[in-house]
Amino acid sequence: MTLSPARVPATGVRRLTRTLYGYAFLDDFVLLYPVYALLFADAGMSLWQISSLFALWSITSVVLEVPSGAWADARSRRRLLWTGPLLTAAGFALWVAVPTYGAFAAGFVLWGAGGALGSGALEALVYDELDRLGAADRYARVMGRARAARLLGTVASIGLAGPVFAQGGYPAVGAASFLACVLTAFTATRLPEHRLRADDAGDNWATTLRTGFAEVRGDRSVRGALLLVPAVAAVWGALDEYTPLLVRDIGVAEATVPYLIMLIWAGVTLGSLLTGPVERLGTRGLAVLLAGAALALAVGATARSLAGVVLVSLAFAGFQLAEVLADVRLQHRIDESRRATLTSVASLGTELATVATFGVYALLGTGLAHSTVFAVLAVPYLVTALALARARAATAGP
């Protein structure tokens, strides 16, 4: 039977999205997440050694972020998406099989490299495949649901880590994490990819990188869209690490803190799922969204109450929604042949800005309460909202 032209794109979109959601869920379904710091400590690592491992992880990601994006444009994006999880799987296997500092360091390098390979490549592949099917306008909805699938994977892994660890200890959670990575890699091989790669046209990754930066320098709209991604994603991404401290300061029992953190992440999931209905927000709408989320964050953090936690959850929902919309703006403005490269540049900017936010938080947190620091760090979002509003006004003209 021959499919009608109307059904062919619909079938292709369904195949793409189902595979993507499965990939996203499995990629974050890692039972080692909530216990790997305990693994390091139980193996005799000092706090300094554990901190150095985290730093090595970040450095690996930063160093490889942009080159891997250029490689994704010059080679097969799908190949990078299945190679990355296999590197991560090898790292997890090292941790459990040889619990020493050297093995932990090698595992973090493999994990960082695996994450860098997928960064930029996934967004580029999804956008170009949707565009090929005439469904590029669904990108925001699709990526929002993919992020929700990731969050569900994280929550599920946290929920299962306890009983699996109780039954089999670190070898059991390590084996489950290894298996999840292998399944992620297999799922990635099922992602469709139809495009003329840069290597088919005679370009290499270095040429792709140079032309990508030339596009940023020469196109103001691309430059603005690229800078908007870290401006939206970095601060709240860093604040997430401190939410347990913020929640504990309202006076709840230690055992209650995880449940309130889940409430906050329920808001993040909601933000991911709302991208479809509000994906057509213009520059002015995005500015209003950021300003509203910033005010909710400041008021919620300083309220020091359960109602305040709800406001923080709503603020994070707004920031997650704005982050997806910022990515959509960038994807709409960049050329297919440099899509992964420039998406990786935006991710690099986010990582560097996140590290800077950690430093600012540490500096402010030495003399201020966590609630006050959260409120202060809502200010950058008000500045970004103001910049967007002014840009919209300038574009509209007199």
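What counts and what doesn't
Residues numbered from 1 in each chain as written. Predicted model: local features only at pLDDT ≥ 70, side-chain atom pairs only at ≥ 80, totals over all residues. Heavy atoms only, no water. Axes fitted to C-alpha atoms, helices over the stretch in contact; angles between N-to-C directions. Helix = DSSP H or I, 4+ residues; strand = E, 2+ residues; numbered from the N terminus. Parallel < 35°, antiparallel > 145°, perpendicular 65-115°, else oblique. Left-handed = near helix turned anticlockwise from the far one by under 90°. Contact = heavy atoms within 4.5 Å. Buried < 20%, exposed > 50% of the residue type's maximum accessible area, 1.4 Å probe, protein only. Polar contact = N/O pair within 3.5 Å; in protein donor to acceptor, adjacent residues only side chain to side chain. Phe/Tyr/Trp six-rings, centres within 6.5 Å; stacked < 30°, edge-to-face > 60°. Expected span 1.5 Å × (residues − 1). Core = buried A, V, L, I, M, F, W, Y, C linked by side-chain atoms within 4.5 Å. pLDDT = per-residue confidence, 0-100. Salt bridge = Lys/Arg side-chain N within 4 Å of Asp/Glu carboxyl O.

1. Observations concerning the packing of helix H4 (residues 77-97) against helix H6 (residues 121-132)
The angle between the axes and the distance between the axes are what describe a pair of packed helices.
Okay, so step 1: Two elements in contact, H4 and H6, have axes separated by 9 Å at closest approach and are oriented at 140°. The orientation of H4 relative to H6 falls into the category oblique. For the pair H4 and H6, the crossing hand works out as left-handed. Contact residues: Arg77, Arg78 and Leu81 in H4; Ala121, Leu122, Ala124, Leu125 and Asp128 in H6.

2. Quick look at the side chain of Thr283
Okay, so step 1: With respect to the helices and strands, Thr283 occurs in helix H13 (residues 283-303).
Okay, so step 2: Under the relative-accessibility criterion, Thr283 is labelled buried at 18%.
Okay, so step 3: Looking at Thr283, its side chain comes within polar contact range of the side chain of Arg329, at 3.3 Å.
Okay, so step 4: When near neighbours in sequence (up to four residues on either side) are disregarded, Thr283 contacts Arg329, Leu388 and Arg392.

3. Digging into the packing of aromatic side chains
Here the distance between the centres and the angle between the planes together describe a pair of aromatic rings.
Okay, so step 1: Applying the stated rule across the entire model yields 26 aromatic pairs.
Okay, so step 2: Ring geometry for Phe40 versus Trp95: centroids 5.2 Å apart, planes at 85°, classification edge-to-face. Of this pair, Phe40 sits in helix H2 (residues 36-42) while Trp95 is found in helix H4, placing the two residues 55 residues apart along the sequence. As far as the burial class goes, Phe40 and Trp95 line up, both buried.
Okay, so step 3: Considering the side-chain rings of Trp95 and Phe108, the 4.9 Å spacing of their centres and the 65° angle between planes classify their relative orientation as edge-to-face.

4. Details of the environment of Val126
Okay, so step 1: Its location among the elements puts Val126 in helix H6.
Okay, so step 2: The exposure class of Val126 is buried, given its relative accessible area of 0%.
Okay, so step 3: Residues Val126 and Val142 lie 16 residues apart in sequence; the distance between their C-alpha atoms is 8.7 Å.
Okay, so step 4: Sequence-distant contacts of Val126, that is, excluding residues within four places in its chain, are made with Leu16, Leu20, Tyr139, Val142 and Met143.

5. Let's talk about helix H5 (residues 101-118)
Okay, so step 1: For H5, spanning 18 residues, the distance from its first C-alpha to its last is 26 Å, which sits close to the expected 26 Å at 1.5 Å a residue.
Okay, so step 2: Those residues of H5 lying buried are Ala103, Phe104, Ala105, Gly107, Phe108, Trp111, Gly112, Ala113, Gly114, Ala116, Leu117 and Gly118.
Okay, so step 3: The positive-phi residue at the C-terminal boundary of H5 is Gly120, with phi of around 90°.

6. Structural notes on the nonpolar core
Okay, so step 1: Ranked by internal contacts, the top residues of the largest apolar core, which has 54 residues, are Leu239, Val247, Leu290, Leu297, Phe316, Phe319 and Phe374.
Okay, so step 2: Of all the elements in the fold, those that place two or more residues in this core are helix H9 (220-239), helix H10 (243-248), helix H11 (257-273), H13, helix H14 (306-333), helix H15 (339-365), helix H16 (370-376) and helix H17 (379-396).
Okay, so step 3: For Val247, the residues in contact, after removing those within four places along its chain, are Val252, Val257, Leu260, Ile261, Ile264 and Val309.
Okay, so step 4: Judged by nonpolar contacts, the second largest core, of 30 residues, contains Val13, Ala24, Met143 and Val324.

7. Describing the confidence of the model for the protein
Okay, so step 1: Averaged over all residues, the pLDDT of the protein is 84; the fraction at 70 or higher stands at 89%.
Okay, so step 2: Mean pLDDT across the elements of the protein bottoms out in helix H8 (residues 205-218) (57) and peaks in H4 (95).
Okay, so step 3: Across residues 1-6 the pLDDT falls below 50, and counting only partners more than four positions away or on other chains, this stretch makes three contacts in the model.

8. Some remarks on the environment of Leu122
Okay, so step 1: With respect to the helices and strands, the residue Leu122 is situated in helix H6.
Okay, so step 2: Each C-alpha atom, one on Leu122 and one on Gly69, is 9.9 Å from the other, the two residues being 53 residues apart in sequence.
Okay, so step 3: Once you skip the residues sitting within four places of it in the chain, Leu122 turns out to touch Leu20, Tyr23, Leu81 and Arg150.

9. Let's talk about the pattern of salt bridges
Okay, so step 1: Throughout the structure, instances matching the rule amount to five salt bridges.
Okay, so step 2: A salt bridge links Arg150 to Asp27, with the shortest nitrogen-to-oxygen separation between them at 2.8 Å. One end of the pair, Arg150, is in helix H7 (residues 139-189); the other, Asp27, is in helix H1 (residues 7-27), and 123 residues separate them in sequence.
Okay, so step 3: Taking relative accessible area as the criterion, Arg150 reaches 22% and is therefore assigned partly exposed.
Okay, so step 4: Of the residues examined, Asp27 reaches a relative accessible area of 24% and is grouped as partly exposed.
Okay, so step 5: Notably, a salt bridge pairs Arg150 with Asp28, separated by 3.4 Å at the nearest N-O pair. Here the residue Arg150 occupies a position in helix H7, and Asp28 occupies one in the loop between H1 and H2, the gap between them amounting to 122 residues.
Okay, so step 6: A network of salt bridges, in which partner residues are shared, links Asp27, Asp28 and Arg150.

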